[in-house]
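Secondary and tertiary structure notes
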There are 2 protein chains.
Amino acid sequence: MSDTAAGREARPVLAVDIGGTKMAAALVAPGGRVTGYGRIDTPSDPALDADGLWRTLEALLDKLVADAGAPALAGVGVGCGGPMTWPAAEVSPLNIPAWRGFPLRARLRAAYPGVPVRVHNDAICVVAGEHWRGAGRGRGNVLGMVVSTGVGGGLVLDGHLIDGASGNAGHIGHVVVDPEGPPCKCGGRGCLEAIARGPGLVAWAQEQGWRPGRRDVTGVDLAADARRGHPVAASAMRRAGRALGIAIASATHLCDLEVVAIGGGLSQAGALLFDPLEEALRRHARMAFARQVQVVPAALGQTSGLIGAAALVFAGDRYWNAD
Amino acid sequence: MSDTAAGREARPVLAVDIGGTKMAAALVAPGGRVTGYGRIDTPSDPALDADGLWRTLEALLDKLVADAGAPALAGVGVGCGGPMTWPAAEVSPLNIPAWRGFPLRARLRAAYPGVPVRVHNDAICVVAGEHWRGAGRGRGNVLGMVVSTGVGGGLVLDGHLIDGASGNAGHIGHVVVDPEGPPCKCGGRGCLEAIARGPGLVAWAQEQGWRPGRRDVTGVDLAADARRGHPVAASAMRRAGRALGIAIASATHLCDLEVVAIGGGLSQAGALLFDPLEEALRRHARMAFARQVQVVPAALGQTSGLIGAAALVFAGDRYWNAD
């Protein structure tokens, strides 16, 4: 590829999304279009060590770039499950035990010298993607959420991604919605995530008599049963929706939000989740400014994290506040 | 005064703080020092109309500037009780019935032509003051709170004042701390303010058998009785502290805060309020990043709102995001 200014402008970003279930990568054009895509299941072999997992990821990226004809890159943008140190991105994803303090950004910098390499929390990349090219486009104050095995999020306020003191802003999953509620994996009690995460809902529904008839069920199975009219499954979805609505009311009051974009597997439950969410939100958010907030499904679906990872590079003035 | 660059740099800001109880004004030097001060009780005569109240304020400002030798001003900065349209600042302070949609900024611009005139919510000015010259100085992520007749607040994140969609960011008083708790004046239920505002605490304590022996008692009287060992008064302060701790845990998780600076009359209750606050906060904020947050009394006391109003002009790059 030519190294003229026009050539450099057309270069894609190599975007990566690393979670406990899958590792996905894409080439993203400057406008946000995905021009190449690859994914693998995240290896769960307990014998695989940190370097073995890194080589697996590296092979995925090498193949994607090679299949696209080895274009020059504008940079590398990555969303990874937390926690991590930020911006150094020594990552310790909760659901990837092989990586504890793994120097992901340093490894990628060594592998892709001469271009920006930027790594942030995966939920942060979701809000960056939804703000850049999705449901929050053109709005200044957006909360992006991922409701799935956990409940994560990220904040764009006054038009800029908010990092907070240590890159951890956006943890909507640990807004307290019931101070005497169930214990949370974070060590606290009554967090949104403790109630609305998929496994939490499944456990609650099973306690209440839901018998799905097989093992390894998830929140998505629960939502499917709720849609088929199972009363306990429907109650579980109402419970999740109510907790989400309370947390969103609190976040709206604190941050004066315009749009909340919700992605993740559970968000596909539709009205079963969004109706009780709206009911609780409207009960608690009554002041004129708070009534303006709109809660919508994430517009970019499974690619929002990848497109947001690309935005860390393409629109660094709004989404990247570090070196 | 000379109009050289040095002369312009030394000009003070005329800072104004308008609330339902008092109206205060000060001349603030570029470093943040108060060089002149005046205050009056906010007139409560129901016969006084909007223009009459404006003339009262104008007289206070005229006298302050004249007494100081009529220096040239760097600008006018104002904190006013909400709600208001922002940045136009047509103000309708809850506790000043004479002003409903009163064009405060336009009137001040006409009175002080040729210099910037900037008006924001009074609690926003408190966080600007505490971040510029008080307890949050040098930190990037600060929540300022005022705990008094109401519970207000303002946010500085990533080093900048956050306005949100309509200038209403920072409403920590309406973070939900008990979804089935008492009704709130905002129309919601279980808001921090519904529990921890002074009149709410007084009402709760009286229901529980507190008999202060006179009328018109406030949260400050309640705190005094708690200090003297009255068990119901002490319980009321614990109730407030716990609600504050839960709301601060939620805000810390969402915004990755470093410092929470608490001012207002009730904050003077000291350990009676701050001990149960810390206990609830530490129970709910357990992740490493959230444990870092420090909750401290506001450092600038009664002048933080005035100093913050001056910061809207002197440090507009950080605290003023409008025209």
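Residues numbered from 1 in each chain as written. Chains lettered and ligands numbered in written order. Predicted model: local features only at pLDDT ≥ 70, side-chain atom pairs only at ≥ 80, totals over all residues. Heavy atoms only, no water.

1. Thoughts on the domain arrangement of chain A
Residues and elements named next belong to chain A. Rules: All the domain ranges listed were derived from an automatic or database domain assignment. Buried area is calculated as the accessible area (1.4 Å probe) missing from two parts once they are joined, with the contributions of both summed. By definition here, a salt bridge exists when the distance from a side-chain nitrogen of Lys or Arg to a carboxyl oxygen of Asp or Glu is within 4 Å.
Split by domain assignment, chain A resolves into domain 1 (5-122 + 303-319) and domain 2 (135-298). Computed over C-alpha atoms only, the centres of domain 1 and domain 2 are separated by 27 Å. Taken together, both faces of the contact between domain 1 and domain 2 bury some 680 Å²; the carbon and sulfur share is 51%. Ranking the residues of domain 1 by area buried against domain 2 places Trp86, Arg318 and Tyr319 at the top, with a combined share of 52%. Here domain 1 is connected to domain 2 by 0 salt bridges.

2. Some remarks on the packing of aromatic side chains
The line we're drawing: Only centres within 6.5 Å qualify two rings of Phe, Tyr or Trp (six-membered ring in Trp) as a pair; their planes then separate them into stacked at under 30 degrees, edge-to-face at over 60, and tilted for everything else. Note on conventions: DSSP H or I runs of at least 4 residues are helices, E runs of at least 2 residues are strands, and numbering of each starts at the N terminus. Partly exposed describes any residue whose relative accessible area lies between the buried limit of under 20% and the exposed limit of over 50%, with all areas from a 1.4 Å probe on protein chains only and scaled to the type maximum. Charge-over-ring placement is defined geometrically: NZ (Lys) or CZ (Arg) within 6 Å of the ring centre, and within 35 degrees of the ring normal.
On inspection of all chains with the given rule, the structure shows 8 aromatic pairs over all chains. A ring pair is formed by Trp86 of chain A and Trp320 of chain A, whose centres lie 5.5 Å apart and whose planes are at 70°; its orientation type is edge-to-face. With Trp86 of chain A in the loop between strand S4 (75-80) and strand S5 (90-91) and Trp320 of chain A in the segment after helix H12 (316-319), the pair connects residues that are 234 residues apart, well separated along the chain. The buried category is assigned to Trp320 of chain A, whose relative accessible area is 6%. Seen in terms of ring centroids, Trp132 of chain B and Phe314 of chain B are 6.0 Å apart; in terms of plane orientation they differ by 20°. Their pairing is stacked. Note that Trp132 of chain B is positioned in helix H4 (residues 122-133) and Phe314 of chain B in helix H11 (residues 304-314), a separation of 182 residues in sequence. Exposure remark for Phe314 of chain B: the relative accessible area of 26% places this residue in the partly exposed category. Through a chain of ring-to-ring contacts, three or more aromatic side chains come together here, namely Trp54, Trp99 and Phe102 of chain A. Its guanidinium or amino end placed over the ring of Trp132 of chain A, Arg133 of chain A lies 4.2 Å from that ring's centre, counting from NZ or CZ.

3. Focus on the relation of the copies chain A and chain B
Applying a rotation about an axis and a shift along it to one chain copy brings it onto the other copy. What counts here: Fitting of the copies onto one another was done by least squares over C-alpha atoms, counting residues only where both copies have pLDDT of at least 70. Throughout, a contact is declared for two residues whenever any of their heavy atoms are within 4.5 Å.
Its rotation angle being 180°, the transformation that places chain A on chain B also includes 0.0 Å of axial translation and leaves an RMSD of 0.0 Å. What the superposition gives is, in effect, a two-fold axis relating one chain to the other. Interface residue correspondence from chain A to chain B reaches 100%, placing this contact among same-surface, isologous pairings.

4. Section: the interface of chain A and chain B
Where we set the bar: In protein, a polar contact requires one atom able to donate a hydrogen and another able to accept it; more generally it is a pair of N or O atoms within 3.5 Å, and residues adjacent in sequence count only if both atoms are side-chain atoms.
If you look at the interface, chain A gives 41 residues, while chain B gives 41 residues. Of the roughly 3500 Å² buried at the junction of chain A and chain B (both faces included), carbon and sulfur atoms supply 59%. At the junction of chain A with chain B, the criterion picks out 4 salt bridges. The partner of Glu180 of chain A in a salt bridge is Arg283 of chain B, and the shortest N-O contact between them spans 3.4 Å. Our enumeration of links across chain A and chain B arrives at 28 residue pairs in polar contact (both at pLDDT 80 or more). Every element with two or more residues in the side of chain A that touches chain B is listed here: strand S9 (151-157), helix H8 (231-255) and helix H9 (271-284) of chain A. Sorting elements by how many residues they give to the side of chain A that touches chain B places H8 of chain A first, with 7 residues.

5. Re helix H8 (residues 231-255) of chain B
All names here are of chain B. Note the threshold: In a helix, the anticipated span is given by 1.5 Å times the number of residues less one.
Taking 1.5 Å per residue, 25 residues should reach 36 Å; H8 reaches 36 Å between its end C-alpha atoms and fits that length. With 20 of 25 residues buried, H8 is to be regarded as a mostly interior element. Looking one or two residues past H8, Asp256 carries a phi angle of roughly 50°, positive in sign.

6. So, the sheet that holds strand S1 (residues 13-18) of chain A
Residues and elements named next belong to chain A. Basically, it comes down to this: For two strands to be treated as a pair, DSSP must find at least two bridges joining them. Comment: axis = line fitted to C-alpha atoms, over the contacting stretch for helices; angle = value between 0 and 180 degrees taken between N-to-C directions.
Pairing is mixed across the open sheet formed by 5 strands, whose spatial order is S3-S2-S1-S4-S7. One side of each edge strand has no neighbouring strand; the edge strands of this open sheet are strand S3 (34-41) and strand S7 (117-121). Neighbour-to-neighbour, the strand axes of the sheet open up by a mean angle of 15°, direction not taken into account. Where S4 meets S7, 5 bridges bridge the pair, whose relative direction is parallel.

7. Let's talk about the environment of Ala165 of chain B
Assignment of secondary structure puts Ala165 of chain B in the loop between strand S10 (160-161) and helix H5 (192-196). For the pair Ala165 of chain B and Arg33 of chain B, spaced 132 residues apart in sequence, the C-alpha separation works out to 32 Å. Setting aside residues no more than four positions away along its own chain, Ala165 of chain B makes contact with Asn141, Asp256 and Glu258 of chain A.

8. A look at the side chain of His131 of chain B
Turning to its location among the elements, His131 of chain B is positioned in helix H4. Not counting chain neighbours up to four residues away, the residues in contact with His131 of chain B comprise Gly136, Arg137, Gly138, Arg139, Gly140, Val142, Val156, Gly159 and Tyr319 of chain B.

9. Quick word on the side chain of Thr252 of chain B
Residues and elements named next belong to chain B. Within the element layout of this structure, Thr252 appears in helix H8. Within the structure, the side chain of Thr252 is placed 2.7 Å from the backbone oxygen of Ile248, a separation counted as a polar contact. With sequence-adjacent residues up to four places away left out, Thr252 is seen in contact with Leu257, Phe289, Ala290 and Val293.

10. A closer look at the nonpolar core
What counts here: As used here, the term nonpolar core means buried Ala, Val, Leu, Ile, Met, Phe, Trp, Tyr and Cys residues forming a set that is joined through side-chain atoms within 4.5 Å.
With 118 residues, the main nonpolar core has Met145 and Leu192 of chain A together with Met145 and Leu192 of chain B as its most contacted residues. Residue contacts for Leu192 of chain B: discarding those within four places in its chain leaves Met145, Val151, Ile172, Gly173, Val175, Val177, Arg197, Ala243, Leu244 and Ala247 of chain B.

11. Topic: the packing of helix H2 (residues 50-67) of chain A against helix H3 (residues 104-111) of chain A
Axis angle and axis distance: for two packed helices, these are the angle between their axes and the distance between the axes, and together they describe the pair. Residue and element names in this part refer to chain A. Here is the rule we go by: Should an angle fall under 35 degrees it is taken as roughly parallel, and over 145 as roughly antiparallel, whereas 65 to 115 is taken as roughly perpendicular and any remaining angle as oblique. Crossing handedness follows the turn of the near helix against the far one: under a right angle anticlockwise gives a left-handed crossing, and clockwise gives a right-handed one. Basically, the charged four are Asp, Glu, Lys and Arg, the nonpolar ten are Ala, Val, Leu, Ile, Met, Phe, Trp, Tyr, Cys and Pro, and anything else, Gly included, counts as polar.
Across the interface, H2 lies against H3 with an axial gap of 12 Å and an inter-helix angle of 45°. One way to sum up the angle between H2 and H3 is to call them oblique. Between H2 and H3 lies a crossing whose hand is right-handed. On H3, the residues touching Asp51, Trp54, Leu57, Glu58 and Leu61 of H2 are Leu104, Arg107, Leu108 and Ala111. In terms of residue class, the contact of H2 with H3 is built from 6 nonpolar, no polar and 3 charged.

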